[in-house]
Every structure is written in C-alpha cells, then in structure tokens.
Protein chains: 2
Amino acid sequence: MELERSPLARPFPHLPKIDGVTLRVARAQYKSWDRCDLTLAELAPETAVAGVFTRSACASREVEIGREQVKLGRARALVVNAGNSNAFTGYRGREAVEAIMAQVAGAFDCQPSEVFVSSTGVIGVPLPKDKAKAGIEAALIAEPCGWEDAARAIGTTDTFTKGKTASALLGATRTELAGFIKGSGMIAPDMATMLGYIFTDALIEPGFLQEMLSKASEASFSCITVDSDTSTSDTVLLFATGKAENAPLASWGDAGADAFYAALLEVCRELAHLVVRDGEGAQKFIEIAVAGADSDSSARRVGLAIANSPLVKTAIAGGDANWGRVVMAVGKAGEPADRDKLSIGFGGTWAAKDGQPLPDYDEAPIARHLEGRDIRIDVDLGVGDGCATVWTCDLTHGYISINADYRS
Amino acid sequence: MELERSPLARPFPHLPKIDGVTLRVARAQYKSWDRCDLTLAELAPETAVAGVFTRSACASREVEIGREQVKLGRARALVVNAGNSNAFTGYRGREAVEAIMAQVAGAFDCQPSEVFVSSTGVIGVPLPKDKAKAGIEAALIAEPCGWEDAARAIGTTDTFTKGKTASALLGATRTELAGFIKGSGMIAPDMATMLGYIFTDALIEPGFLQEMLSKASEASFSCITVDSDTSTSDTVLLFATGKAENAPLASWGDAGADAFYAALLEVCRELAHLVVRDGEGAQKFIEIAVAGADSDSSARRVGLAIANSPLVKTAIAGGDANWGRVVMAVGKAGEPADRDKLSIGFGGTWAAKDGQPLPDYDEAPIARHLEGRDIRIDVDLGVGDGCATVWTCDLTHGYISINADYRS
C-alpha cells in the first residue's frame, strides 16, 4: 500500500552536527523492500543517556531491556531496526536483541549494556538474527550519513521524515540538540510505533538528564494521541555526548539548566506534534486547551478524553462546530466538572458559556476556522485553576482505509 | 441522510401484553419529520420503578431529575421525546421537563414525581414547551398502540426497532417482561443516546427492583461499547406494575427472585446486544471473552480496552486476524497482565499462547471465522480466575460517513 504524504507534513529541517555522534544506515532487509531499514548511531565514550518508554504491560523485549539500561546512565551506540518490532516473540526475541548488543559491543569495545536497541514493525515474528547481524556488519563499514537519512531508515508507515533542532547557552558554551522521530498513530505495534531519539553535545549528569527528559516528555509525548491505542514499543531516548565541555549540569540550580530544559522541551514538543501531523489519515491538526480544571493533571485527562473521542474527531473532520460532542467528552472524562459552568470555543470564538449556548451565537467565524488545517478547541471547566494543552488529529476515512482495508 | 438498515438487525419480536401498561404515541414534531416522536406509557397506580443512568458529569436535566425520582420508587407514567435531547440547555431545559411532569400528573391525578421523562436528539436547544404540550395532549386521547409503534417513536438514527421479552415463574404465578430500546452508538448526545424501558407485571418492592436492575445492568448495558463515547442522557428504566399479584418479591431469598433476575438479565442483555447490532456503521458483532484475569472487574476493563481499540475494531472490519493489536490493547488496559502468559484466539481457535504465536499456527480457520458477521475473540491473561464478556461492533467507513460526512 502506497501512502500519500500527509497534508500536515513539515519539511525536514537542517540539523547541526552534534559532536560525538556518528550516524550510519544499512539494508538489513527485514522486509523485502528497496530501502535502508537499520540505523546505527555511534556515540562518544561516556555519553550520558536517559529514556522514557511505553507503559504497556505487554512491552517488547527491547523496551524491557532498555528500561534497565538507562538506569546505568551510559550509552555507546544505538541500533534501530525497522520492519519487525520483535514484540511478543518469547525467548527468541530476547536472544535476537542480546545478539545485536554483543555484536555492537564487540565492534566498539564497550559493554553490551551501553548498546541500545529499538525495533518497529510487524509483531509476533522474532527478529531474524542473521539479517540483523549482516545489517550491522554493513552499517559498521558504511560511510557516515546525515540526519534525514537516519530518520528515513527508522520509518515504517510514516509519510514524511520528522526532525527538530534547538540550542541552549550553558554559561558561555553554546550546546546543540538534534532529534528525529518516527510514528504515525498512538499507535499499533505492527503499524507505527513511536520511536524518538534526541542527541546533544551538552555535558549532563545522567540522573539529571533523566529528570529533564521525564519532565519534558510529560508535557509533550504524553499530551498527544492519534487513536488512543498505546504501542508495545514506544521509546524516546536522549543522548548527551558531553563534547561541548560545558560546566556539567547536575541539577536545576546549575547555570543553564533552565535554558537546556527549554530547548529540550521545544524539541520534544515539535517531535510530538510531527507524529500527530503524520497520524493515520490525518487531515487536520487539533490543539485542545483546557483551563479552569481542578488541577493540571485533571485538565490533561479532560483534554485527552476530548482528543480521544471518535465523535469529536469525526466532527472536526467534517468541519462541524459540534460543541455538544465536546460537552459529551468532558462529561465522560470522570474528572470534576460542572455542566452549568462549562464553556466551549473553537478558534478563539466561544460557542457556549456557563452551560448554555451563547444567546447571540454566530457560527460563521467558527465555521471558517474549521475549514482550516490547524484547529483550536478551548474548554473552560470553571471549577479551578488547572490547565493543560493536548494535541491530536481528526478521524477520517483515511484511518479506516489504512487499518481495515489493508491486511497486515 | 437516509441510513441503511444494519446488516446485523434482528426482527422485532412478539411482545406480550403487560397488565397495567398502556402505550400511546403522538406527533410532537420536535423535528420537521413525518413520524411519531413522542411515546407515552400510562402505568397502573403503585407501579414500582428502578433506573440506571449515565455517569456523565454533564448529564441532562431529565437524567438529574430521574435520578431523584427513582429514589421515591413509584411511577405512574413515562414520556419519551425524540428529536431533541434537551441537554445543555440551562434553566429553560429544566422548565420544559417540569412542565411535562405537571401536565401528565394533572391528567393522571398523580404526583409530578411519578412522571418520568426522557429526551433524545439534538443538544443545546431547549425542548420546545408548546410542542411538548400539544404532543402530550394528542397522546392522551390517542388509541393505545403496540410495542413496536412505541419503540419506533423513540428512535432517532436507529435503523431498526429493538425489543425483547422473557417470562419468569414466581411461585405458581407466571410473570412477563417486555422491553424496548433505542441507541446506535455509545453514544453521541445529538446522534444516538441509549434509552431503554422494561415493563413487567410482577409485584416487586422498589428497593429490590433497583438492586436487580443495577446488577443486571452491570452485566449487560455496562458491557457494551460502540465507540467509547458516553451519552449525556443514557437511561434505562424498569417498571413493575404488580398486576400479576404474585407474592411480593423483596429480597434475593424470596421464591422466584432468581427466576425473575434471570429473565431480567436475558432482556437486558438482548437489548444491549441490539444497540451494538445497530452501532453506527457496524458490519460485524464482536463478542470478547476475557478469562484468567486478576478479578471479574479487571477482566471487564481489559475486555473494554480491547472493545474500544480503534485498531482492533478496524482489523475485524478488514477480516484481519491481527492478534498483535489485541496484545497491544491488553497492554494498555492498565490491568494486571503478563505478556508471557497471554493467549489470544478467534472463533475458538488459538492464535497465540503463553506470549508467543503458536508454532503450528494455521490461520485458515480463523480467516474463515472472520469472514462472518458474528466474531468471537478469546483472551486468557493467565494471571487469575477473573472473567467477563463484553460486546462491540467493528469500526468501518460507515461510522466515519455518519459522523463526519453528515453535518448535524
């Protein structure tokens, strides 16, 4: 099945060289396709690492092993396989991951625990060890490649490559961040797992790196949804090579910590948005801002209830200012709400306030807003000070075509 | 928009006369359509009543008032309005309901609190009091009608009328139950709220009637989903006229209580299934049986996570034995599960056992099963003794067409 490029796509940006990171790609031929499907990142010795992973109770071996590896805090290499997720494959899946770790550790003279592995693609089929081995051998002797090549090789049903950069001043030292991501749903294990990788030359202590990534992830990757489905393999890793030789960051009080966090959040948020922009069948990008909630976390849950509502998402797909469906989604969220204090707007225009349609409600500006690609929904619960913003896409015939008409 | 009759429809059954229940319909013309849209049920004095309602925090006035009325335990009449849900309409909505209650109470010489009102249809528009008044006047002098006419008049986007009967022996006395329901999603406030009404001639104390309805509802209406969306108006009422003159039932120990409960559960379950069979765009009816869970309620939550997964539902729509998506849905349910003990089957054939695909997995019988209209998914979590069964339908282009292509 050939997928059309998402109308919400953004061009791949220019990403800077990150000192201490060397990227290579190869053809492991996990599927019978004419493309690179293995990305190998070589990282300078002593690179710090942090990671966030799916909360699925049925996570893949790669995720299980990755969760343990990040606790050790150091990385020397990353291998990403596209075309086979290696999930739900029992002991053979574990053996395949361990073989990759051992092979790369041998090549780079490091501990296997410093070699991170991710896989995405069909599930229930153990990753073929021979193809992985040959792919890595090829990658090890390949010419280094650029960011977009590395991003393209990890894609599966993605319709465009996704990257983002930012920089931060740590004292007098300028540090760079560069990241890429794949994903096109929230997300089925055999279709479009979200895998994201961010690299920086900053020198940061691993524990603090993890703290910043966890916090940034809560406000970015945890605030997006395409279809409410959660992958068995979702992974975001952040690697800090330390080559910028800044005074090391180890806590929020250190000079530049706030600047670095702001840059990291900017990268995480854009990468998260790009996944939504490549959501299966997406025709519109939807931002949902919830205010007046009992707490920030309550606001986020209400926002996700709206973002996950098939009826809200189909209404937006149809350009229908159906605020009644937003009322419904608020009502089902299970969070503190008061129907008679609830206000709902689209594109900066209120449609209903304090539990009733506005008496002089004029649908025209809202209808015009809903004809666009970028949709904004405002919800004020009127019960407290909590607020949150979440992002999703609309639900269209394209989603059904990709997931029902196409046999995996 | 003219909707095609669901391919999963069942014929309306013959329902017996229930002594103490008189049904009438009228044209209130809540919308400009050529059909009856108001159902009035007159109930014998001293009829006992029980009810279950949506858990939405933004419930309609009808639901708010109904929750209070059922505590009093007695009903003399039921009015159902189709075409306007009267939800999110502020004080004017409340006035409209109270006017109906007063008018009918005057006609039947009863308390307004004995008059139950439900409304379904567009939200945000107060129910027009003049139309309701004229409709009720017309209904009061209309000839009594049959069950199917009453069921048809409460429908909105339903593509077929839905009814069910059962009987129970209470000691030597045969009692009858008859019920009808409307609904075609789980369910948008302006599209297809679930409203169900069950009538019996049995003599049952209101508190115990409520206990039985709540229990039966947990195992029927609470185990279905079409799209995970929850209506602001969902209501199921159970009326017991007492005309059978059986020895009154007041607790589980009374002779015939178990028989009555079994009959009630049979009615509730079939009515629930019929709503799924009329699910928006439904082409397949899906039964999901979860065993080996930590508890029955945990099994139900896992079942609903599978039933609400767009990726599972689109896979079934496409006839795809994609058990990997079931693994994904189990993983995201947030319930105790162990990937390496998980087994998944379709139509009585296991596809994966103990966390791995079966070595001799033959997809042919499963593929044949998935070509049918009635699909069965078995999940064994392997961690305990809890079990539950839930029901849903597939997710098709029809759902998108109804909810996105059609402007409300």
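Residues numbered from 1 in each chain as written. Chains lettered and ligands numbered in written order. Predicted model: local features only at pLDDT ≥ 70, side-chain atom pairs only at ≥ 80, totals over all residues. Heavy atoms only, no water.

Draft legend 1. Local environment of the domain arrangement of chain A. Residues and elements named next belong to chain A. Entries for chain A in the domain assignment read domain 1 (21–277) and domain 2 (285–405). Taking only C-alpha atoms, the centre of domain 1 and the centre of domain 2 are 33 Å apart. Listed as interface residues are 14 residues of domain 1 and, on the opposing side, 15 residues of domain 2. Interface of domain 1 and domain 2: buried area, both sides summed, is about 1,300 Å²; carbon and sulfur atoms make up 59% of it. Among the residues domain 1 hides against domain 2, the three largest losses belong to Cys 223, Thr 225 and Val 276. Together they make up 37% of the total. Along the contact surface separating domain 1 from domain 2 lie seven residue pairs in polar contact (both at pLDDT 80 or more). (Domains from an automatic or database assignment. Contact = heavy atoms within 4.5 Å. Buried area = accessible area lost by both parts, 1.4 Å probe. Polar contact = N/O pair within 3.5 Å; in protein donor to acceptor, adjacent residues only side chain to side chain.)

Draft legend 2. Layout of the relation of the copies chain A and chain B. Between the two copies, chain A and chain B, the superposition gives an RMSD of 0.0 Å; the rotation angle is 180 degrees and the shift along the axis is 0.0 Å. The superposition of one copy onto the other is thereby described by a two-fold rotation axis. Among all residues of chain A, the one whose C-alpha sits closest to the rotation axis is His 397 of chain A, at a distance of 3.0 Å. The fraction of interface residues of chain A whose copies in chain B are also interface residues reaches 100%, indicating that both copies meet through the same surface. (Least-squares fit on C-alpha atoms with pLDDT ≥ 70 in both.)

Draft legend 3. Representation of the sheet that holds strand β12 (residues 356–357) of chain A in the model. Residues and elements named next belong to chain A. Read across the open sheet, the six strands follow the order β12-β11-β10-β13-β9-β14; overall the sheet is mixed. Every interior strand has two partners, whereas the edge strands, β12 and β14 (386–393), have only one. Sheet analysis places strand β11 (residues 349–353) next to β12, joined by two bridges and oriented antiparallel. The partner of Lys 353 across the bridge, within β12, is Gln 356. Of the strands in this sheet, β9 (285–293), β13 (374–380) and β14 are in contact with helix α6 (residues 257–277), which crosses β14 at around 45 degrees. Lying on the sheet, helix α9 (residues 323–332) is in contact with β10 (343–346), β11, β12 and β13; it crosses β10 at an angle near 130 degrees. (Pairing = 2+ DSSP bridges. Helix = DSSP H or I, 4+ residues; strand = E, 2+ residues; numbered from the N terminus. Axes fitted to C-alpha atoms, helices over the stretch in contact; angles between N-to-C directions.)

Draft legend 4. Expanded view of the interface of chain A and chain B. Across the contact, 67 residues belong to chain A and 67 residues belong to chain B. Summing the contributions of chain A and of chain B, the shared interface buries around 5,100 Å²; its carbon and sulfur component is 56%. Applying the counting criterion to the chain A and chain B interface returns four salt bridges. A salt bridge links Arg 61 of chain A to Asp 340 of chain B; the shortest N-O distance between them is 3.6 Å. Summed over the shared surface of chain A and chain B, the number is 11 residue pairs in polar contact (both at pLDDT 80 or more). Elements supplying a minimum of two residues to the side of chain A that touches chain B: α1 (61–72), α2 (90–108), α8 (310–317), α9, β12 and α11 (397–405) of chain A. (Salt bridge = Lys/Arg side-chain N within 4 Å of Asp/Glu carboxyl O.)

Draft legend 5. The arrangement of the pattern of salt bridges in detail. In total, this model carries 50 salt bridges over all chains according to the counting rule given. We note a salt bridge from Asp 378 of chain B to Arg 376 of chain B, for which the minimum N-O separation is 2.9 Å. Accessibility expressed as a relative area gives 30% for Arg 376 of chain B, which makes it partly exposed. Residues joined by salt bridges that share partners form a network here, namely Arg 61, Glu 64, Arg 94 and Glu 98 of chain A together with Arg 339 and Asp 340 of chain B. (Buried < 20%, exposed > 50% of the residue type's maximum accessible area, 1.4 Å probe, protein only.)

Draft legend 6. Quick peek at the sheet that holds strand β12 (residues 356–357) of chain B. Residues and elements named next belong to chain B. One open sheet holds the six strands; their spatial order is β12-β11-β10-β13-β9-β14, and the pairing between them is mixed. Since the sheet does not close on itself, it has two edges, and those belong to β12 and β14 (386–393), each with one partner. Seen against the sheet, helix α6 (residues 257–277) touches β9 (285–293), β13 (374–380) and β14 and runs at an angle of roughly 40 degrees to β14. Relative to β13, helix α8 (residues 310–317) is tilted by about 135 degrees, and along the sheet it contacts β9, β10 (343–346), β13 and β14.

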